[in-house]
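So the chains spell out like this:
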Amino acid sequence: MKGTILTALAAGALILAGCTKTEVTDVPDSRAISFDNFVTNAVKAPIDQNKDLTKFFVYGGYTSTEVFNNQEVNVAWDAGGTSTCTYTPAKYWTENETYYFAAYSDGNDKIKIENNVTFDLASGHLTISNYTVDASDDDLIYSYADNSGSGYWYDVNTPMNPVPFDFKHILSKVTFKFSKAADLNGTKLTINNFSVNLKITGTFTGTDLSGATQYPLRTWTASASTSAFTAFSNASLTLNDDVTAGQPVTTAETGFTAIPQSVASYTISFDVTYTDPTDKTGKTGKFNVSIEGTDGNNWNPGYHYIYTAEIKAVNLDLEPIVFTVNTVGTWDEKTVDDIIGNTEGIIQ
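Residues numbered from 1 in each chain as written. Predicted model: local features only at pLDDT ≥ 70, side-chain atom pairs only at ≥ 80, totals over all residues. Heavy atoms only, no water.

**Q** Honestly, the overall build of the protein chain in this entry has me stumped. Any pointers?
**A** In terms of regular secondary structure, the protein chain is built from 0 helices and 23 strands. Out of the 348 residues in the protein chain, the part that is buried amounts to 44%. The long-range share in the protein chain, meaning contacts at least 24 apart out of those at least 6 apart in sequence, stands at 73%. When the accessible surface of the protein chain is split by element, carbon and sulfur atoms take 48% of a total near 18,400 Å². (Helix = DSSP H or I, 4+ residues; strand = E, 2+ residues; numbered from the N terminus. Buried < 20%, exposed > 50% of the residue type's maximum accessible area, 1.4 Å probe, protein only. Contact = heavy atoms within 4.5 Å. Areas by Shrake-Rupley, 256 points an atom, 1.4 Å probe, with all protein chains shown as cover.)

Structure (structure tokens):
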């Protein structure tokens, strides 16, 4: 096929508000371990805003004692955007111990293979091993709570506040948007069999953010092998509307979350099916496109990468028949003999 039809841009993520609520138990609040929950830097995925988070899973403890191990915490939101975080059975603070906590949510679910999640009591961070992206709704968020590095120390004389989690998305979000050029007006396009060659498995190792807005790419170790990834939100896309001058261009899009990885170059493939407007026969154009990476040749954690493609007639090996007007002729003037004669008229 002729022509280059893909360009790329990277967009930062959205910032969302937080929540706070102390859990109520049947023992003094000073002994109950409760949690605050925040979601920040969201991308369009199942957990797109605070209220979309309904569950997360906690690890935590002190010295050699793991108090929480993949503990499910349920989140409910009121009309004002405040959450209530609850779990059972309740766990209680132990005096004179330093606690660290970490939590994740895999699209409001547990990691599929629980043994792939390990908690380091010394650092307070999780390692998520061999995580595989296999569906368009994967959305892995992560947070840790270490009280600015000093841990949480319980003193019976001082009430404990909820443990605060600031969740961040640690996968990359990728979207492909398609539009058609005006020279294909009247021609319906169907885009299908879309796949991209990428690394779909990786290991995440938590680290301190050190003031950064997103986790660095070095927190991920992607697998060496690549796979043709085809699990998208839309298996088939249709472009039927025509392009009108001065009006927004209609787009069709498909997207997925991906393991953060180096993408100096990669390959996508897709088919464009259409009816040839000349002979009315159905035809399919097959595209294999090599794309250069963006943002320093990386897909970084917590970022949304948007690729745009305008499909033109030349991409489908169609050559439009076009017309041009050279001139519009002028009127030639011609003088006519006087039509008023000398014959006397009759006035009535």
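**Q** Please clarify how the side chain of His169 should be interpreted in this entry.
**A** Here His169 is to be found in strand E11 (residues 163-169). In this structure the side chain of His169 is engaged in a polar contact, spanning 2.7 Å, whose partner is the side chain of Asp139. (Polar contact = N/O pair within 3.5 Å; in protein donor to acceptor, adjacent residues only side chain to side chain.)

**Q** Could you clarify how one ought to interpret the sheet that holds strand E7 (residues 117-120) in this entry?
**A** Two modes of strand pairing occur in sheets, parallel and antiparallel, and in both the strands are linked by backbone hydrogen bonds. Across the sheet, 4 strands lie side by side as E7-E8-E14-E15; this open sheet has antiparallel pairing. On the outer flanks of this sheet lie E7 and strand E15 (220-222), each paired with one strand and no other. Between one strand and the next, the sheet's axes are offset by a mean angle of 15°, whatever the strand orientation. Bridge count for strand E8 (residues 125-132) against strand E14 (residues 201-205) is 4 bridges, and the pairing is antiparallel. (Pairing = 2+ DSSP bridges. Axes fitted to C-alpha atoms, helices over the stretch in contact; angles between N-to-C directions.)

**Q** Just to check I follow, could you spell out the pairing of E11 for this structure?
**A** Working note: regular strand, side chains alternate between the two faces of the sheet. Judged by how many residues are buried, E11 sits mostly within the fold: 5 of 7 residues are covered. The pairing of strand E9 (residues 140-145) with E11 spans 2 bridges and is classified as antiparallel. From the neighbouring strand, Tyr142 faces E11, where its bridge partner is Lys168.

**Q** I keep staring at the environment of Ala103 and nothing clicks. Help me out?
**A** Residue position: Ala103 is located in strand E6 (residues 98-106). Using a relative accessible area of 0% as the deciding quantity, one classes Ala103 as buried. Each C-alpha atom, one on Ala103 and one on Glu72, is 9.7 Å from the other, the two residues being 31 residues apart in sequence. Contacts of Ala103, omitting those with residues within four sequence positions, involve Phe56, Phe57, Val58, Leu126, Ile141, Tyr142, Ser143, Phe165 and Phe167.

**Q** Please clarify how the packing of aromatic side chains should be interpreted in this entry.
**A** The geometry of an aromatic ring pair is captured by the separation of the ring centres together with the interplanar angle, meaning the angle of the planes. By the definition in use, this model includes 26 aromatic pairs. Their ring planes at 10° and their centres at 5.9 Å tell us that Tyr99 and Phe101 sit as a pair that is stacked. Here Tyr99 and Phe101 have matching classes, each one buried. Across the ring face of Phe68, the terminal group of Lys91 is positioned such that the distance to the ring centre comes to 4.9 Å. (Phe/Tyr/Trp six-rings, centres within 6.5 Å; stacked < 30°, edge-to-face > 60°. Lys NZ or Arg CZ within 6 Å of the ring centre and 35° of its normal.)

**Q** Could you clarify how one ought to interpret the confidence of the model for the protein chain in this entry?
**A** Any residue range with low pLDDT should be treated as having predicted coordinates unsuitable for detailed reading. Across the protein chain, the average pLDDT comes to 81, with 80% of residues at or above 70. Every residue in residues 6-45 is under pLDDT 50, and counting partners more than four places away or in other chains gives 142 contacts. (pLDDT = per-residue confidence, 0-100.)

**Q** For this particular structure, what's the right way to read the nonpolar core?
**A** Within soluble globular proteins, side chains that are nonpolar generally end up buried alongside one another. Grouped together as the largest cluster of nonpolar side chains are 56 residues, with contacts concentrated most on Phe176, Phe178 and Trp299. Setting aside residues up to four positions removed in sequence, Phe178 forms contacts with Ile191, Phe194, Leu237, Leu239, Thr250, Thr251, Ala252, Phe270, Ala309 and Ile311. (Core = buried A, V, L, I, M, F, W, Y, C linked by side-chain atoms within 4.5 Å.)

**Q** Would you take a moment to explain the pattern of salt bridges for this structure?
**A** Applying the stated criterion to the full structure yields 9 salt bridges. Residue Lys112 pairs with Asp106 through a salt bridge whose shortest N-O separation is 3.9 Å. The class of Lys112 is exposed, set by a relative accessible area of 56%. Looking at Asp106, the relative accessible area reads 7%, which means it is buried. Notably, a salt bridge pairs Asp242 with Lys180, separated by 3.5 Å at the nearest N-O pair. One end of the pair, Asp242, is in the loop between strand E17 (236-239) and strand E18 (252-258); the other, Lys180, is in strand E12 (residues 172-180), with 62 residues separating them in the sequence. (Salt bridge = Lys/Arg side-chain N within 4 Å of Asp/Glu carboxyl O.)

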